[in-house]
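The primary structure of each chain is shown beneath.
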Amino acid sequence: MKITDIKVYNLRYPLAEPFANSIAWNTARTAGVIEVITDAGVTGWGEGVSNLNETAVRDRLVGRDPFDIEVIWNDLYLRGGVGFSELSAVDIALWDIVGRTLEMPIYRLLGGGFRDRIPAYASGLFLQRKADMTRTLADEAASYVDMGFRAVKMKIGFGVDYDVTNTAAVRGAIGDSILLAVDANCGYDTGTAIHVGRRLMENDLLWYEEPISTDDVSGYREIRQALGVRVAGGEALQGRWAFRNLIQERGLDIVQPDISDAGGFTECRRVAALASDNHVRVLPHMWGTSIRLAATIHWQATLPDSPDTLNPFPSLLEFDMTENRLRTELAREPIRAVDGDVAVLQGPGLGIEIDREVLEEYANAGSI
Ligand SMILES: [Mg+2]
């Protein structure tokens, strides 16, 4: 089998209502999607976290055997010319091709699933342009519980007053039995992160995500030791070497690689091995289209509970609740959470079929 061509679709979906994390306002959702075409009539789909360079990728892939996944990964990484967005997108597409060719879902190619349903957490609760943010967040959080989610994550990092008031309001709205994580998107320095964290501890946090920049390994260790709460991070790290110090130095309790940023299935499996080696939990980050969501589900199905006990820490899937047609309509059969769980996809490859009309509608509509 040979790769005959590739196509890149740099997608941009404008949001009806902007929202913000601690760093920036989002006015559009973006992604780089690749279609890898073979001489066997099989096409694979992949996604990178940002715009993809079509020419650079085509030059490196045409004529290659798509089953040579690790050989191609090494070549793309070592010979330069492409970044981790392209590496990740290509890797996901090649696994999709292999799965479609062998008529097997990717999670089975990777060694099989530890679960056929993944408990999801509702990931939302951003800052919005609303007069009463506290009421807005409480209502949004309560709606997730009504949908059946047993865990939610909210955005913090907007200053101590906002964080304390709104975390308490969200905890009040969801009650004591729902798991609650907070995410500061690297919005604080170490001292502020500890100060805010101490004030939030009474809300029984599941984890404290990206309190500070992930290049500050000793800062992460200080926060873990000062607060005694699980600390999570690593969603923007690329390649196994970027994760090494944070994991080996025990800066994190939970590492969150993003399959479209860290290097695809191939590299995420290496990061998971490194994490396992150091007794660090892996819970993938997910913030993309149907393609990235499908890929994340396949990978997460293959991650064992750690420790594997009668009542393990849940392997929670990040389920993005914000408006984005690229996630809700790019696959012909939408991937839904039902009673707070997402079923592992059972079709060949990624297990989704792309709606080309939706793809074309948002393709190449401007740079990221
Ligand atoms: Mg995050």
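What counts and what doesn't
Residues numbered from 1 in each chain as written. Predicted model: local features only at pLDDT ≥ 70, side-chain atom pairs only at ≥ 80, totals over all residues. Axes fitted to C-alpha atoms, helices over the stretch in contact; angles between N-to-C directions. Helix = DSSP H or I, 4+ residues; strand = E, 2+ residues; numbered from the N terminus. Parallel < 35°, antiparallel > 145°, perpendicular 65-115°, else oblique. Left-handed = near helix turned anticlockwise from the far one by under 90°. Contact = placed C-beta atoms within 7 Å. Nonpolar A, V, L, I, M, F, W, Y, C, P; charged D, E, K, R; others polar. Buried ≥ 20, exposed ≤ 12 C-beta atoms within 10 Å, placed from the backbone. Expected span 1.5 Å × (residues − 1). Domains from an automatic or database assignment. Pairing = 2+ DSSP bridges.

A. Expanded view of the packing of helix α2 (residues 69-78) against helix α3 (residues 84-102). At a minimum axis distance of 10 Å, the contact between α2 and α3 shows a crossing angle of 165°. The orientation of α2 with respect to α3, classified from their angle, is roughly antiparallel. By crossing handedness, the relation of α2 to α3 is classed as right-handed. Packed against α2, whose contacting residues are Ile 69, Ile 72, Trp 73, Leu 76 and Tyr 77, the element α3 presents Glu 86, Leu 87, Val 90, Asp 91, Leu 94 and Trp 95 at the interface. Residue composition of the contact of α2 with α3, grouped by class: nine nonpolar, no polar and two charged.

B. Local environment of unusual backbone geometry. Omega for the bond connecting Ser 306 with Pro 307 falls within 30 degrees of zero, at -5°, which places this linkage in the cis form. For Pro 307, the position within the fold is in the loop between α11 (290-301) and β12 (317-320). One non-glycine residue, Glu 103, lies in positive phi territory at about 55°. In this structure, Glu 103 sits in the loop between α3 and α4 (106-109). Since 9 C-beta atoms lie within 10 Å of it, Glu 103 is described here as exposed.

C. Inspection of helix α10 (residues 264-277) at higher detail. Between the first and last C-alpha of α10 there are 20 Å, a value that for 14 residues agrees with the 20 Å anticipated at 1.5 Å per step. Those residues of α10 that sit buried are Gly 264, Phe 265, Thr 266, Glu 267, Cys 268, Val 271, Ala 272 and Ala 275. Where α10 ends, the next residue or the one after it, His 279, has phi of about 60°, a positive value.

D. The arrangement of the packing of helix α7 (residues 190-200) against helix α8 (residues 217-227) in detail. Relative orientation of the contacting elements α7 and α8 amounts to 25°, with a least axis distance of 10 Å. As judged from the angle between their axes, α7 and α8 are roughly parallel. Handedness of the α7/α8 crossing: right-handed. When α7 is examined against α8, the residues Thr 190, Ala 193, Ile 194, Gly 197 and Arg 198 are found in contact with a partner set consisting of Gly 219, Glu 222, Ile 223, Ala 226 and Leu 227.

E. Structural context of the domain arrangement of the chain. Splitting the chain by domain gives domain 1 (3-104 + 357-362) and domain 2 (108-343). Spacing between the C-alpha centres of domain 1 and domain 2 amounts to 24 Å. Taken together, the contacts link 35 residues of domain 1 with 35 residues of domain 2. Listed by contribution, the elements that provide at least two residues to the side of domain 1 that touches domain 2 are β1 (3-20), β2 (25-38), β3 (43-48), α2, α3 and α13 (356-362). Residue contributions to the side of domain 1 that touches domain 2 peak at nine residues, all from α3. Of the residues contributing to the side of domain 1 that touches domain 2, the split by class is 24 nonpolar, six polar and five charged.

F. Examining the sheet that holds β1 more closely. What the four strands build is an open sheet, ordered β3-β2-β1-β5; its pairing is antiparallel. A single partner strand is all that each edge strand has here, and the edge strands are β3 and β5 (127-128). Where α3 meets the sheet, it contacts β2 and β3, and its direction lies at approximately 150° from that of β3.

G. Summary view of the pairing of β2. In the sheet, β1 pairs with β2 via 13 bridges, with the strands oriented antiparallel. Looking at β2, one finds that Lys 7 is bridged to Glu 35. Linking two consecutive strands that pair antiparallel, namely β1 and β2, is a turn of four residues. Summarising the sheet, β2 and β3 pair through six bridges and their orientation is antiparallel. Note that in β3 the partner of Gly 32 across the bridge is Gly 48. Between the antiparallel neighbours β2 and β3 lie four residues, among them Gly 41 with a positive phi of about 80°.

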